[in-house]
Amino acid sequence: MDTKVLIIGGGPSGLLLSLLLTKNDIDNIILEKNTALHVANRIRAGILEPGTVKILKKAGVGKRLCKEGIKHNGFNISFNNKIYHINMKKLANDTVTVYGQTEVTKDLMDKLAKINTKIFYKANNIKILNIIKPKVEFTHNSKKIKINSQFIVGCDGYHGITKNFIPKNIKKIYEKEYSFSWLGLLSDTKPISPELIYINNTNGFGLCSMRSKTRSRYYIQCSNKERIKDWSDDRFWENLYKTLPSDIKNTLQTGPSIEKSIAQLRSYVIEPMNYKNIFLAGDAAHIVPPTGAKGLNLALSDVNCLSSAFKSYFHRKSEEELKNYSKKCLSRVWKTQNFSSWFTNALHNFPDEDNFTKEMKKNMLLDLIHSNTQKFNLANKYLGKY
Ligand code: RFL
Ligand code: PHB
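Before going into details, it helps to say that this report is about the structure given with it. Predicted model only: the values in this text are computed from it and were never measured.

**Quick look at the overall build of the protein**
Helix and strand content of the protein: 12 helices and 19 strands. Computed over C-alpha atoms, the radius of gyration of the protein comes to 21 Å, within 12% of the 21 Å expected from 2.2 N^0.38 for 386 residues, which places it in the range of a compact globule. Dimensions of the protein, computed from C-alpha atoms along their principal axes, come out at roughly 60 × 40 × 40 Å. Buried positions account for 54% of the 386 residues belonging to the protein.

**Overview of the sheet that holds strand E13 (residues 197-201)**
Read across the sheet, eight strands follow the order E6-E5-E13-E14-E15-E12-E16-E19 without closing on themselves; strand pairing throughout is mixed. Looking at which strands have only one partner, the edges of the open sheet turn out to be strand E6 (82-87) and strand E19 (286-287). Where strand E16 (residues 257-271) lies against E19, two bridges are found, and the strand directions are antiparallel. Along E19, the bridge assignment pairs Val269 with His286. Each of strand E12 (172-187), E13, strand E14 (204-210), strand E15 (216-222) and E16 touches helix H7 (residues 233-243); the most contacted strand, E15, lies at about 80° to it.

**Re the site of ligand 2**
Around ligand 2, a shell composed of 14 residues is seen, among which Tyr198, Ser209, Arg211, Tyr219 and Pro290 lie nearest. Arg44 has a polar backbone atom sitting 3.4 Å from an oxygen atom of ligand 2. In this structure, an oxygen atom belonging to ligand 2 sits 2.7 Å away from a side-chain N or O atom of Arg211. Relative to its unbound accessible area of 280 Å², ligand 2 is 97% covered by the protein chains. Secondary structure elements with two or more residues in the shell around ligand 2: E14 and E15. Broken down by class, the residue content of the shell around ligand 2 amounts to eight nonpolar, three polar and three charged.

**A closer look at the packing of aromatic side chains**
Two aromatic rings, taken as a pair, are described by how far apart their centres are and by the angle between their planes. Considering all chains together, one arrives at 26 aromatic pairs under this definition. Both rings, one in Phe75 and one in Tyr382, keep their centres 4.2 Å apart while their planes meet at 25°; by these two values the pair is stacked. Here Phe75, found in strand E5 (residues 74-79), pairs with Tyr382, found in helix H12 (residues 372-382); they are 307 residues apart in sequence, far enough to count as distant. Grouping residues by exposure puts Phe75 and Tyr382 together as buried. With 6.2 Å between their ring centres and 35° between their planes, Phe310 and Phe314 make a pair best called tilted. With Phe310 and Phe314 both in helix H9 (residues 295-316) and four residues apart, this pair spans about one turn of that helix. Each member of the pair, Phe310 as well as Phe314, carries the same accessibility label: buried. One residue, Lys176, lies across the ring of Tyr178, its end atom 5.1 Å from the ring centre.

**Some words on the pairing of strand E2 (residues 28-31)**
Taking every second residue as pointing to the same face, both faces of E2 are buried, with Asn28 and Ile30 on one and Ile29 and Leu31 on the other. In terms of handedness, the path from strand E1 (residues 2-8) via helix H1 (residues 12-23) over to E2 forms a crossover that is right-handed. Bridge count for E2 against strand E8 (residues 118-120) is three bridges, and the pairing is parallel. In the sheet register, Leu31 faces E8, and the bridge partner there is Phe120.

**Quick word on the environment of Thr214**
Of note, Thr214 is situated in the loop between E14 and E15. For the pair Thr214 and Leu300, spaced 86 residues apart in sequence, the C-alpha to C-alpha distance is 27 Å. Beyond its immediate chain neighbours, meaning those up to four positions away, Thr214 contacts Ser187, Asp188, Thr189, Lys190 and Pro191.

**Describing the sheet that holds strand E4 (residues 70-72)**
Strand pairing in a sheet relies on backbone hydrogen bonds. The paired strands run either parallel or antiparallel. Sheet architecture is open: three strands sit in the order E3-E7-E4, paired in antiparallel fashion. The sheet is open, and its two borders are formed by strand E3 (47-48) and E4, each paired with just one other strand. Relative to strand E7 (residues 96-98), E4 is paired through three bridges, and the arrangement is antiparallel. When the sheet's bridge partners are listed, Ile70 is paired in E7 with Val98.

What counts as what
- Residues numbered from 1 in each chain as written.
- Chains lettered and ligands numbered in written order.
- Predicted model: local features only at pLDDT ≥ 70, side-chain atom pairs only at ≥ 80, totals over all residues.
- Heavy atoms only, no water.
- Helix = DSSP H or I, 4+ residues; strand = E, 2+ residues; numbered from the N terminus.
- Rg over C-alpha atoms; globule rule 2.2 N^0.38 Å.
- Buried < 20%, exposed > 50% of the residue type's maximum accessible area, 1.4 Å probe, protein only.
- Pairing = 2+ DSSP bridges.
- Contact = heavy atoms within 4.5 Å.
- Axes fitted to C-alpha atoms, helices over the stretch in contact; angles between N-to-C directions.
- Near = heavy atom within 4 Å.
- Polar contact = N/O pair within 3.5 Å; in protein donor to acceptor, adjacent residues only side chain to side chain.
- Areas by Shrake-Rupley, 256 points an atom, 1.4 Å probe, with all protein chains shown as cover.
- Nonpolar A, V, L, I, M, F, W, Y, C, P; charged D, E, K, R; others polar.
- Phe/Tyr/Trp six-rings, centres within 6.5 Å; stacked < 30°, edge-to-face > 60°.
- Lys NZ or Arg CZ within 6 Å of the ring centre and 35° of its normal.
- Right-handed = clockwise from strand over helix to strand, strands pointing away.

Right, dumping it as structure tokens:
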């Protein structure tokens, strides 16, 4: 089998890349190790930057997003038991959109199915046999299949294999693991607030988010040792209740969970994001802690950039954009790492944090709330405008 671009990983990055390439008549194949159902139902991101909405609309998957996505003019930060509003619309004249990653994934899958793109689900034991003249071998339905391509793109997330084929002496890895995780719960209950609330209080971090006017997504900070089996719904709601500011805690609507999961927080960057004919995009190349909702947005920004580079390579024989891909993306990646890490540090309680640091953080947040310049900067960063 031959193709121009072989994509490893069929999450949002791989799916969008396949769609953008196909729209530009660039032949491609996706290899995904899981089933379509598994990929589509993974509960993850919920907030799309305006730039991401634009990319999805341009790709032809904006119809349901525009109809069902909920535009938010702002978000709230709560600390010291008080709630403060950041009005992005007023400060930076733009909005974010609440639309789950599950919905983005389903829209992309539906579109790709309509235009008959090639996706192998349950592709096992993927091996890259050659990176100069790309050749990949994998097992599908107990059969060994080989594919020759001009390029390989790793869209296979943090646990993917593509990045392992960039030689050790070429790649540089920057990584930091946080000493806490997020425990998330999804439920068909009315969200406690019309816009998100990022909370810091003595119990640690909490986040009140949503997927619709009747479906809530909540997170609380927990230790890295916690196991999901030890968290009954009641235990989750009790702990969330303790984290909420007093003014609103009694309006919390609880109910049975649809999903519960624990995510370890980490920051990660691999440089460069390409080597020879291998390219990396999305979580395969970088992870940000979820505070600030940047991971999916960053992933789709990489893909937008890479698809444009392939377009100029295949249609205009220009290598320029492909050569600049890594440098261009990494500039946005590091700006986003900076923001996500700052927001994470400001809102979480670190296990061994002394009271001096706690007081410094509180005062830093107070300064922010009382400074229009700082709020303007925060609004722009949350919108993905650096
Ligand atoms: P994914 O989604 O991890 O997809 C990678 C795909 O590759 C497949 N794969 C392989 N396939 C073949 N062979 C192999 N050897 C393979 N190894 C892996 C996997 O099965 C999978 O299908 O990466 P992608 O596409 O780059 O997308 C990235 C996003 O999923 C991620 O950045 C976001 O979910 C991060 N994130 C958020 N991002 C936002 O922009 N806004 C948010 O509000 C937001 N909230 C979140 C989040 C991530 C979270 N977790 C779980 C860490 C909230 C949470 C709790
Ligand atoms: C979510 O709704 O899952 C979500 C929202 C905002 C974040 C992270 C996750 O910063």
